[in-house]
Amino acid sequence: MEKNNLIDEFYALVQVDDADGHYAQDIKDSDYFGMPLKAIVKAEKRLRLKSERCIAYFSMEYGLATSCYNKLSSQLPLNPSNRVPENAVFSNFRVADYFFALHQDNIIDLPIYSGGLGVLAGDTVKTMADYKLPVAAIGILWSSGYFRQKFWFKYGQAPEKMRWDPHTYPGLIPLKNRIKISLKSEDVYLRLWKYYVYSQALDAVVPLILLDSNIEPNSQNARNLTDQLYRSDNIFLKLLQRVMLGFGGVSALKDLGYHIDTYHLNEGHAVFAFIAQARGMSKDELENLKSKFVYTCHTPVEAGHDRFSFEDLNKVLKPEDTEIIEKFGKERSGAANLTLLSMNISSAINAVSHSHQKVMHIQFPDYKDQIQYVTNGVHAYTWMSRGFQELFNKFPATFPDFKSNPMILSRATELKADADFRARLWQAHQSNKTDLCKFLEKWKLDKNIFTICWARRMAAYKRPSLILYDISRLARIADKIGPLQIILAGKAHPNDNLGFTYINEMLDKVDKLNVDYDKLKIIVLENYDIFLGKLLSSSVDVWLNNPLPPFEASGTSGMKAILNGVLQMSTVDGWVAEATDRKMGAFFGYKNSEGSVGNESDLHMPDDSEELYRALEGMVSLYYKTNSRGKVDINSGWIDMMIECVCVAGQFNTYRMVDEYKQKIWKIA
Ligand SMILES: *Cc1c(COP(=O)(O)O)cnc(C)c1O
C-alpha cells in the first residue's frame, strides 16, 4: 500500500511527459531507474516548503560522472547513440598508421559538460546531496553536448558534433512543463527535463533541472540555442545561451513551485537570473533581491569575463531588461560586463582559491572587501579508484568513515611507519597502473616504467607542450636515468586558435620523434573526458600540472590524483599554492610577483621547461631507486610522498569546500 502511495506522490509532484509510457518500466513501485524513489519524493516536497532555506545552484555545465558514479539503470536496451564511441590514440609507437581505436562498451556520461567548471559543479551537487541540503540545480540540456575531439593526421584537432539521445538516457526524464521567455522580437519556449543526483547513501537527491529549447513552436534559430555548449561563433548565440540559463532557470523554479532562498551563480553566465526578477523593482526591493544572490568567479583569465555591447543587448532584450544591466553592469569602456554585473548584484562573492582571490583583488580593487575565497575540491568518492577504497577499508581504525568523511584521509600520516600499509598502498597503485596498461594494451606500456601524465584543457596558460619543449632533453633523461612513458590529452575550445596550434605542435613533435620507443613512449589520447580523467589521474605515477601563475584559478585534476596516491609535479598556482609545504612531489617554475597579475601571453617556456626537466630528473631517479624492474623499496621516500598525497586529499575535497560555502557564502551553517 505504502509503495503505491509513493509512486502516486511522485507523479503528483513531477509532471513526467511520457505519452508512450516507456518510462513506466523504469519508474515503478518504489524504484526510480534502480534507485530509491523515496529520496525523490522527499526532496521534491522539501523544495516547496517556505520553512526551508532552499538554494538554486546555476551552472552552464555539469560533469556528473553518471557512467561511473551512482549509475542509474534502465530496463530498456542501451541506445547505441548513448554508447561510448571509439577513441583513437596517436603515439610515436608506429604501428598501423599511428592510430589504434580503443573500444569501451559503456554508456556515455551525460554530455552536458566541457571540463573543469562542469566537473566542479557535478562534484558540488553530489556533495550537497550527501549533506541532504535542499537544493535545485539548474543547467541546460545540450542536445549536441560539447564536441567530440578527433585527431586528423597533419591537421590536428577536428571537432565533431556529438549525437546522443536524451529520451533513453537512464534517469533523465522530460517534463510536461513549458516555460516562455520573452525576448524583444520573439518568444522562446523551453521544455524542462530532470535528472536526479543521488547521495552516496542513496537517501537524498538534488534534482537537476535542464532547459531545452529544441521544441515546437520555436524558430530554428531558437531551437539551436541549447544545441552546443560554449558555441561562441556568433555573439547572439553566446548572449542568448546566457539569457536562457538565467531567465529560463528562474521561470522553471517558479513553474515547479520551488521556494528559493539563495541563488548561487557560477560564473557570470547565470546572472540573467537576477535581471529576470529585478524588473520594475523599487530600491528596497532590489536590495532585498541582492541579499539572495551569491556569485562564484572561476577564472582569472581575461577571456573568461563575458562582455557584450549595449547595441547587441538592445537588439535581443527588452528595454526594461537592458536598463537593469546598464545600472549594475556597465563598465568604463561602455560595455556590459557580466563579471561586474554579478559582483554588483550579489551579497557574497568568492574566488576559488587563495591565489585566485589575490588576483581578483588586483583586478577588482573596488570589491576587495567583498571578495572572499573558497578553495575548490573534488568529490572524493567519485574520483577514488576502487583499489584505494579497498585499501582504506583494510585500515578501519585509521579511516573509519572515509566515504562519508574524506577529511579523515589526513590521518594517513599515522600510517607512515606501518610497513603493511606502505606495501598495500604500493600494490593498490600498481594495480591501478595495470588497468591503465590494459586499456592501452597495444602500446605495451610497462607498469614498472615511470609514467607521467598531462591531461587538461588545451589552453595557452596551461602550457600543454611544456614537457615537449626540448624533446632531445627528454630523450637524454630516458637514456641516462631511465625510460619514460608520457601521456597527454586535452581538448581545445573549437574557437581557440592557440589551443588548436598546441595540439598540432604536440602531434607534430610526436610524429617526428626519432627515439627508441622502449625508452621514450609518448601517447596522445583523443577526446579527454571524465572517463579518461578518472582513469589517468588514478593510475599514473606522476600528475603534471604546469599552468603559468597566476592564471589557474584552482585546478582540480591534481586533487583527483592525490586521492589515489599519485605524486605531483606542479608549478605554484591555484590550489597547489596552498599546499607547497607538503611533500607531494616537486614544485617548480616561474612565480608572478605579489601585487601584479603579469602577462598572460609571456609563457616563460625556455626557463620553465628547464626547471621542469630538472624536477623530472629528480623524480625519475627517485622512482627507479624505489621500483627497480618490479623490485620495490618499501621504505623509499617516494612512498612517504604517496602517503602525504593521501593526507592532503583530506583537505582538498568538496566536503571541506561545501562546509565553507555553508559558512561564508550561503550562511546556513
Ligand atoms: C577534472 C577534470 C578537469 C579539470 O581539471 P583541471 O586540473 O582543473 O584542469 C577537466 N576535464 C575533465 C574531463 C576532468 O575530469
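Structure's up top.
Described below are features of the structure shown in this document. (Residues numbered from 1 in each chain as written. Predicted model: local features only at pLDDT ≥ 70, side-chain atom pairs only at ≥ 80, totals over all residues. Heavy atoms only, no water.)

**Things to note about the overall build of the chain**
- If you tally the helices and strands in the chain, you get 21 helices and 26 strands.
- Taken over the C-alpha trace, the chain has a radius of gyration of 25 Å; the compact-globule value for 669 residues is 26 Å, and the two agree within 12%.
- Within the span of the chain, comprising 669 residues, buried residues form 62% of the whole.
- Counting only contacts in the chain whose residues sit at least 6 apart along the sequence, the fraction spanning at least 24 positions is 75%.
- Per element, the accessible surface of the chain, about 24600 Å² overall, is 48% carbon and sulfur.
- Taking the 79 positively charged and 80 negatively charged side chains of the chain as two groups, their mean positions are separated by 2 Å. (Helix = DSSP H or I, 4+ residues; strand = E, 2+ residues; numbered from the N terminus. Rg over C-alpha atoms; globule rule 2.2 N^0.38 Å. Buried < 20%, exposed > 50% of the residue type's maximum accessible area, 1.4 Å probe, protein only. Contact = heavy atoms within 4.5 Å. Areas by Shrake-Rupley, 256 points an atom, 1.4 Å probe, with all protein chains shown as cover. Lys, Arg positive; Asp, Glu negative; His and termini not counted. Charge placed at Lys NZ, Arg CZ, Asp CG, Glu CD.)

**Some details on the packing of helix α19 (residues 605-626) against helix α20 (residues 637-649)**
- One way to put it is that α19 packs onto α20 with a least axis distance of 8 Å and a crossing angle of 110 degrees. It follows from the interaxial angle that α19 and α20 lie roughly perpendicular. Counted together, Met619, Leu622, Tyr623 and Thr626 of α19 and Gly637, Trp638 and Met641 of α20 form the full contact between these two elements.
- Its residues assigned to classes, the contact of α19 with α20 comprises 5 nonpolar, 2 polar and no charged. (Axes fitted to C-alpha atoms, helices over the stretch in contact; angles between N-to-C directions. Parallel < 35°, antiparallel > 145°, perpendicular 65-115°, else oblique. Nonpolar A, V, L, I, M, F, W, Y, C, P; charged D, E, K, R; others polar.)

**So, the packing of aromatic side chains**
- Across all of its chains, the model carries 28 aromatic pairs by this definition.
- Ring centres of Tyr623 and Trp638 lie 5.2 Å apart, and the angle between their planes is 75 degrees; on these two criteria the pair is classed as edge-to-face. One end of the pair, Tyr623, is in helix α19; the other, Trp638, is in helix α20, with 15 residues separating them in the sequence. Accessibility assignment for this pair places Tyr623 and Trp638 in one class, buried. (Phe/Tyr/Trp six-rings, centres within 6.5 Å; stacked < 30°, edge-to-face > 60°.)

**Remarks on helix α15 (residues 471-480)**
- Residues Ile471, Arg473, Leu474, Ala475, Ile477 and Ala478 constitute the buried set of α15.
- For α15, the elements touching its buried residues are β20 (484-489), α16 (497-512), β21 (520-525) and α19.

**Considerations on the sheet that holds strand β11 (residues 187-198)**
- Pairing in this open sheet of 9 strands is mixed, and the strands run β10-β11-β12-β7-β4-β13-β14-β17-β18 from one edge to the other. On the outer flanks of this sheet lie β10 (172-182) and β18 (371-373), each paired with one strand and no other. On average, each strand axis in the sheet is inclined to that of its neighbour by 25 degrees, with strand direction left out of account.
- Strand direction decides the pairing type here: strand β13 (residues 260-266) and strand β14 (residues 293-296), joined by 4 bridges, are parallel. Bridging across to β14, His264 finds its partner in Val294.
- Together, β4 (54-58), β7 (135-140), β10, β11, β12 (205-212) and β13 form the strand contacts of helix α5 (residues 235-255), whose direction differs from that of β10 by roughly 110 degrees.
- Set on the sheet, helix α11 (residues 354-363) makes contact with β17 (348-351) and β18; between it and β18 the angle comes to about 165 degrees. (Pairing = 2+ DSSP bridges.)

**A word on the site of the ligand**
- Taken together, the neighbourhood of the ligand is formed by 13 residues, with Arg456, Lys462, Thr556, Ser557 and Lys560 sitting nearest.
- One nitrogen or oxygen atom from the main chain of Thr556 is found 3.0 Å from an oxygen atom belonging to the ligand.
- Interatomic distance of 2.6 Å between a side-chain N/O atom of Lys560 and an oxygen atom of the ligand.
- For the ligand, the accessible surface in isolation is 390 Å², of which the surrounding protein chains cover 94%.
- Residues from two domains meet in the shell around the ligand; each of domain 1 (3-376 + 659-665) and domain 2 (380-591 + 603-652) gives at least three. (Near = heavy atom within 4 Å. Polar contact = N/O pair within 3.5 Å; in protein donor to acceptor, adjacent residues only side chain to side chain. Domains from an automatic or database assignment.)

**Thoughts on the side chain of Asn177**
- Looking at the secondary structure, you find Asn177 in strand β10.
- Side chain to side chain, Asn177 and Asp255 meet in a polar contact 2.9 Å long.
- If we ignore the near neighbours within four places in the chain, the residues touching Asn177 are Gln15, Leu190, Arg191, Leu192, Asp255 and Leu256.

**Some remarks on the pairing of strand β23 (residues 567-570)**
- Neither face of β23 is open: one carries Leu567 and Met569, the other Gln568 and Ser570, and all of them are buried.
- Strand direction decides the pairing type here: strand β22 (residues 542-545) and β23, joined by 4 bridges, are parallel. Counterpart to Val542 in the pairing with β23 is Leu567.
- Taken together, β22, helix α18 (residues 557-563) and β23 form a β-α-β motif whose crossover is right-handed.
- Pairing of β23 with strand β24 (residues 585-587), which is carried by 3 bridges, proceeds in the parallel orientation. The partner of Ser570 across the bridge, within β24, is Phe587. (Right-handed = clockwise from strand over helix to strand, strands pointing away.)

**Section: the pattern of salt bridges**
- Counted by the stated rule, this structure contains 37 salt bridges.
- Across the salt bridge formed by Asp420 and Arg424, the nearest N and O atoms sit 3.1 Å from each other. Linking Asp420 with Arg424, this pair stays in helix α14 (residues 419-439), spanning 4 residues, or about one helical turn.
- A salt bridge links Glu660 to Lys664, with the nearest nitrogen and oxygen atoms 3.8 Å apart. Separated by 4 residues within a single helix, Glu660 and Lys664 lie in helix α21 (residues 654-665), roughly one turn from each other.
- We classify Lys664 as partly exposed; its relative accessible area is 27%.
- Overlapping salt bridges, with partners in common, bring together Arg473, Glu610, Arg614 and Glu617 in one network. (Salt bridge = Lys/Arg side-chain N within 4 Å of Asp/Glu carboxyl O.)

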